[in-house]
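Observations on the three-dimensional arrangement
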Amino acid sequence: MQFIASEHPHKRYNPLKGEWVLVSPHRMKRPWDGQTETVNNDMGPEFDPTNPLCPGVVRSSGEKNPFYTSTYVFKNDFPALLEDTPLPPTSDDPLFRIEGVQGTCRVMCFHPKSNITIALMSVDEIKTVIKSWIEQLEELGQKYTWVQIFENKGTMMGCSNHHPHCQIWSCSFLPNEPRIKDINQRDYYNKYGRPMLLDYVERELKAKVRVVVENLSWVVLVPFWAIWPYETMVLPKRWIKRMNDITEEEKTDLALVMKIITTKYDNMFKTSFPYSMGWHGAPTGSNWDGYDHWVFHGIYLPPLLRSATVKKFISGFELLAQCQRDLTPEQAAERLREQSEIHYLVSTKK
Ligand code: H2U
């Protein structure tokens, strides 16, 4: 019998993380009798005087937001990391390691209106968000080793507020995900003399099967090793180490692909598609030099599987043994490619 990737179980390697994912495409027809989620497609009002992220509203801290008209950044009133905190006693016991951490957490509102998302924002408005991200990276990166910009969207992803916003957690240490990516990209660079993700993009652009959208500067694709059904990666076509290395034109091009991929996500199940997304680039801190093995990239991790209400669970075999997916990355990319670049809410208005 000949191997067919869209039919036969197999495992795929993620060279960035040094992990395998189990692919089981033959299970695609399995009936679903499990949990569905309630989806509220109501975008709510443009302004809600009780929402602490809205312009002019007093937050839990007692501080009043300005009447902002663009992006707005404030220090998280419930930060997971603190700038000044006592260090724990040192321990050389390999079974009970403990270390101190410093950091700071901020919230960035993308837009003054609550009933808007990246998919519904203009390219210029998204570009303003990108510029604010770069400002934050440049400022916080002076002090902190890792500046994690991430957007949690939708209650399904644990987002507590539907006003368009992201969070920025900066820390004195390299967290697990970037730490392992740093090690694997460095090993690849030492072995092959080129950044891993630059080689990867070139190969994906030739293969085309996992590419969802591309322009002159960026490509959005479902990675060969994707875990989440419609997981995508945003990759530059040239060697870019950090977000602040991107040119003016590349900012516009990035805003464009962000608008297109989030629109396609929403169009897929005619819902405001939930996800966690974020950016990974070379570490920062006291020394920004070196890190030639790093390539800046974005990651979208959406949980939805087969409708606006059925999500993928990471449980069972996945928690205890290894992550698994049914739909192949190539099938997921094809479905995303098929979606219109015009948002369904905009096209139904006409
Ligand atoms: P999430 O929706 O991704 O949880 O982000 C909202 C963040 O906003 C959350 O981290 C912060 C919460 O701590 N927040 C404030 O800092 N002040 C408030 O008054 C409300 C929410």
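To keep things clear, this report deals only with the structure shown in the data block.

Conventions adopted
Residues numbered from 1 in each chain as written. Predicted model: local features only at pLDDT ≥ 70, side-chain atom pairs only at ≥ 80, totals over all residues. Heavy atoms only, no water. Core = buried A, V, L, I, M, F, W, Y, C linked by side-chain atoms within 4.5 Å. Buried < 20%, exposed > 50% of the residue type's maximum accessible area, 1.4 Å probe, protein only. Helix = DSSP H or I, 4+ residues; strand = E, 2+ residues; numbered from the N terminus. Contact = heavy atoms within 4.5 Å. Near = heavy atom within 4 Å. Areas by Shrake-Rupley, 256 points an atom, 1.4 Å probe, with all protein chains shown as cover. Nonpolar A, V, L, I, M, F, W, Y, C, P; charged D, E, K, R; others polar. Disulfide = S-S within 2.5 Å. Salt bridge = Lys/Arg side-chain N within 4 Å of Asp/Glu carboxyl O. Pairing = 2+ DSSP bridges. Axes fitted to C-alpha atoms, helices over the stretch in contact; angles between N-to-C directions. 1 Å grid on protein atoms, 1.4 Å probe; cavity = no way out; pocket = protein on both sides within 12 Å on 5 of 7 lines; lining within 4 Å. Points joined across faces, edges and corners; volume = space filled by probe spheres on them. Expected span 1.5 Å × (residues − 1).

All right, on to the nonpolar core then. If you look at the biggest cluster of nonpolar residues, it comprises 51 residues, and the most contacted ones within it are Ile 130, Trp 133, Tyr 230, Met 243, Leu 254, Met 258 and Trp 279. Mapped by element, the contributors of at least two residues to this core are helix H1 (123-140), strand E5 (146-153), strand E6 (165-171), strand E7 (211-214), strand E8 (218-221), helix H4 (248-269), strand E10 (275-280) and helix H6 (329-338). Of all the elements, H4 adds the most residues to this core, at nine residues. For Met 243, the contacting residues outside a window of four places in its chain are Ile 130, Trp 133, Ile 134, Leu 137, Leu 254, Trp 279 and Phe 296. Core analysis: the next-biggest nonpolar cluster, separate from the first, contains 16 residues, Val 21, Val 219, Met 233 and Leu 235 among them.

Attention now moves to the site of the ligand. Close contacts around the ligand come from 14 residues, with Ser 60, Asn 76, Asp 77, Ser 160 and Gln 167 the closest. Coverage of the ligand by the protein amounts to 88% of the 470 Å² it exposes when considered alone. Considered class by class, the residues forming the shell around the ligand number five nonpolar, seven polar and two charged.

All told, the structure shown has zero disulfides when counted by the stated rule. Between Cys 54, a free cysteine, and Cys 109, which holds the nearest cysteine sulfur, the sulfur-to-sulfur gap is 8.0 Å. For Cys 54, a relative accessible area of 0% puts it in the buried group.

Moving on: the pattern of salt bridges. Counting across every chain of the model gives 21 salt bridges. Taking the shortest distance from any N to any O, the salt bridge between Lys 17 and Glu 177 comes out at 3.1 Å. Residue Lys 17 is located in the loop between strand E1 (10-14) and strand E2 (19-23), and its partner Glu 177 is located in helix H2 (residues 176-192); the two are separated by 160 residues in the primary sequence. The class of Lys 17 is buried, set by a relative accessible area of 18%. Owing to a relative accessible area of 38%, Glu 177 belongs among the partly exposed residues under this scheme. In the salt-bridge network here, residues are joined through shared partners; they are Arg 12, Glu 204, Arg 210 and Glu 330.

Take the sheet that holds strand E9 (residues 232-236) next. Each strand in a sheet pairs with its neighbour through backbone hydrogen bonds, running either in the same direction (parallel) or in the opposite one (antiparallel). Pairing within the open sheet is antiparallel, and its nine strands lie in the order E3-E4-E6-E5-E10-E11-E9-E8-E7. Edge strands, defined here as strands with exactly one partner in the open sheet, are strand E3 (72-75) and E7. Strand-to-strand twist of the sheet, defined as the mean angle between neighbouring strand axes without regard to direction, takes the value 20°. Of the strand pairs in this sheet, E3 and strand E4 (residues 103-109) are connected by four bridges, and their pairing is antiparallel. Residue pairing across strands places Val 73 opposite Met 108, the latter belonging to E4. Here H2 sits on the sheet in contact with E5, E10 and strand E11 (297-301), set at roughly 45° to E10.

Time to look at unusual backbone geometry. Positive phi, normally seen in glycine, also occurs at Lys 208, with a value near 65°. Among the structural elements, Lys 208 can be located in the loop between helix H3 (196-207) and E7. Looking at Lys 208, the relative accessible area reads 54%, which means it is exposed. Backbone geometry places Lys 270, a non-glycine residue, at a positive phi of 50°.

So, about empty space enclosed by the protein. Applying the stated criterion to the full structure yields three cavities of 30 Å³ or more. Here the largest cavity is characterised by a volume of approximately 120 Å³. Lining the largest cavity are 13 residues, with Leu 137, Val 147, Trp 279, His 280 and Gly 281 sitting closest to its centre. Only E5 and E10 provide two or more residues apiece to the lining of the largest cavity.

Structurally, the α-helix is built with 3.6 residues per turn, so residues lying three or four positions apart point the same way. The end-to-end C-alpha distance of H4, which contains 22 residues, comes to 33 Å, matching closely the 32 Å that a straight helix rising 1.5 Å per residue would cover. For H4, a buried count of 17 out of 22 residues is recorded, marking the element as mostly surrounded by other parts of the structure. In the stretch just after H4, Lys 270 is the one whose phi turns positive, near 50°.

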